[in-house]
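Structural description and commentary
Read off the chains here:
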Amino acid sequence: MIDLRSDTLTSPTEGMRAAMASAEVGDDVYGEDPTVRALEERIAGLFGHEAALFTPTGSLANLLAVRSLVAAGQEVLCEASAHIARAELGAHGALTGLTMRTWIHPRGQIDLDVVGSLLAPDMGPFFVRTAAISVENTHNFAGGAVLPLVELQELRRFADEAGVHVHLDGARIWNAHVATGVPLEQYGAVADAMAVCLSKGLGAPVGSLVLGPADAIAEARVWRKRLGAGMRQVGVLAAAGLYALDHHLDRLADDHEHARLLAEAVGLDPQTVDTNIVVFERADAAAFVGKAAEQGVRIATVGPTTVRLVTHLDITRAGAERAAAILAGL
């Protein structure tokens, strides 16, 4: 079975398992796990942020990052199909009391004219105040689309002038970095707070990080514990992230090449695929997914008529070619 449902499906490699088994550990709730500290310091440095905090999930990393910028009763603006709006089960409103408004873009991009029309300044006890604008790079449900650096920098200037914060959901920022060559620090510079994930393209079994100023990360540590996610000897998981950074970053280019191969097989222009996600429309989406599974290819629906394929560490070139032939036949 060739499983293209998500890039979260990977199994740790033998080298990663060895790194996990030999990891030096301590109690991370006390801040005493040396491997976790090494990972947090390395990730913060890569993106030019003061500090970082290891979390078990990307959803929690986003929750903590956005919460550090948006108080209860304030709002965050984001694209309508953003992960924080669509795939985190309403956690931001349910757990931190913020509200959310959205703009729509078929490629998940920033439309500053529309964002500007939505933005609400502080008007006292009359209207909800916009506290932050959130963007996702790469954008999952827009087919792994990359947000151009120049547009992110324009957003940063716009936000500064408007007096609001910027949150970056960088779950797949590694894919954007490999696809464009943009240094990670330049991506980090556009955000007041951001989240990055280790368990998607990088192939770690668990783990994300929230990044930001040192005082915000100290408060995020408290909130992580409050939400039940304090972890003890978690260096065994942080070690997987360190190994992934050393061994699995550059190879993301292979996933992007495989995704373009699959895009062509389902009738898309491969040049429209930026990274490792292929999204296409089928009126018979559920039936199409079922037929693909019968022939040995697992794919997923992400809407009533929308199908998604995601390439990853466990998909070889031969596997991608076999999947492409099956999907083209269907």
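It should be noted that the structure appears before, not after, this text.
So, here is what we can say about the structure in this document.

Thresholds applied
Residues numbered from 1 in each chain as written. Predicted model: local features only at pLDDT ≥ 70, side-chain atom pairs only at ≥ 80, totals over all residues. Heavy atoms only, no water. Helix = DSSP H or I, 4+ residues; strand = E, 2+ residues; numbered from the N terminus. Rg over C-alpha atoms; globule rule 2.2 N^0.38 Å. Buried < 20%, exposed > 50% of the residue type's maximum accessible area, 1.4 Å probe, protein only. Expected span 1.5 Å × (residues − 1). Contact = heavy atoms within 4.5 Å. Axes fitted to C-alpha atoms, helices over the stretch in contact; angles between N-to-C directions. Parallel < 35°, antiparallel > 145°, perpendicular 65-115°, else oblique. Left-handed = near helix turned anticlockwise from the far one by under 90°. Nonpolar A, V, L, I, M, F, W, Y, C, P; charged D, E, K, R; others polar. 1 Å grid on protein atoms, 1.4 Å probe; cavity = no way out; pocket = protein on both sides within 12 Å on 5 of 7 lines; lining within 4 Å. Points joined across faces, edges and corners; volume = space filled by probe spheres on them. Pairing = 2+ DSSP bridges. Salt bridge = Lys/Arg side-chain N within 4 Å of Asp/Glu carboxyl O.

Next up on the list: the overall build of the protein. Secondary structure assignment for the protein yields 14 helices and 12 strands. Whereas a compact globule of 330 residues would reach a radius of gyration of roughly 20 Å, the protein reaches 20 Å, a difference of no more than 12%. The C-alpha extent of the protein, read off along each of the three principal axes, is 60 × 50 × 35 Å. Residues classed as buried in the protein amount to 55% of the 330 residues present.

This brings us to helix α11 (residues 235-247). Between its first and last C-alpha, α11 extends 18 Å over 13 residues, near the 18 Å set by a 1.5 Å rise per residue. Looking at α11, one finds that the buried residues are Gly235, Ala238, Ala239, Ala240, Gly241, Leu242, Tyr243, Ala244 and Leu245. Of the surrounding elements, those touching the buried residues of α11 are α1 (14-21), α2 (34-47), β2 (51-55) and α8 (173-180).

Further remarks concern the packing of helix α3 (residues 58-67) against helix α10 (residues 214-226). Taken N-terminus to C-terminus, the directions of α3 and α10 make an angle of 130°; their axes are 10 Å apart at the nearest point. Here α10 runs oblique to α3, going by the angle between their axes. The crossing of α3 and α10 is right-handed. Taking contact as the criterion, the partners of Leu60, Leu64 and Arg67 in α3 are, on α10, Glu219, Ala220, Trp223 and Arg224.

Running from N to C, helix α12 (residues 252-265) and helix α14 (residues 317-329) point in directions that differ by 15°, and their axes come no closer than 8 Å. In terms of axis orientation, α12 runs roughly parallel to α14. Here the hand of the crossing between α12 and α14 comes out right-handed. Where α12 approaches α14, its residues Glu257, His258, Leu261, Leu262 and Ala265 are matched on the opposing element by Arg317, Ala320, Glu321, Ala323, Ala324, Leu327 and Ala328. When the residues that make up the contact of α12 with α14 are grouped by side-chain class, the tally is 8 nonpolar, 1 polar and 3 charged.

Attention shifts here to empty space enclosed by the protein. In total, this model carries 2 cavities of 30 Å³ or more according to the counting rule given. Here the largest cavity is characterised by a volume of approximately 60 Å³. What lines the largest cavity is a set of 15 residues, among which Glu79, Ala82, Ser134, Val135 and Glu136 lie closest to the centre. When contributions to the lining of the largest cavity are tallied by element, the ones reaching two or more residues are β3 (75-79), α4 (83-86) and β5 (130-136). Counting residues per element, the lining of the largest cavity draws most heavily on β5, at 3 residues. Residue classes in the lining of the largest cavity are distributed as 7 nonpolar, 5 polar and 3 charged.

Sheets are built from strands paired through backbone hydrogen bonds, the pairs being either parallel or antiparallel. Here we have 7 strands laid out as an open sheet, ordered β2-β8-β7-β6-β5-β3-β4, and mixed in their pairing. Two strands bound the open sheet, and with one partner strand each, they are β2 and β4 (99-103). Direction aside, neighbouring strands of the sheet carry axes that sit 20° apart on average. When β3 meets β5, the two strands line up parallel, connected through 3 bridges. Note on β5: the bridge partner recorded for Val76 is Ala132. Each of β2, β7 (193-197) and β8 (208-212) touches α2; the most contacted strand, β2, lies at about 130° to it.

According to the stated counting rule, one finds 16 salt bridges in the structure shown. A salt bridge links Arg42 to Asp246, with the shortest nitrogen-to-oxygen separation between them at 2.8 Å. Of the two residues, Arg42 is situated in helix α2 and Asp246 in helix α11; the sequence distance between them amounts to 204 residues. Each of Asp3, Arg5 and Arg298 takes part in salt bridges that share partners, so that together they form one network.

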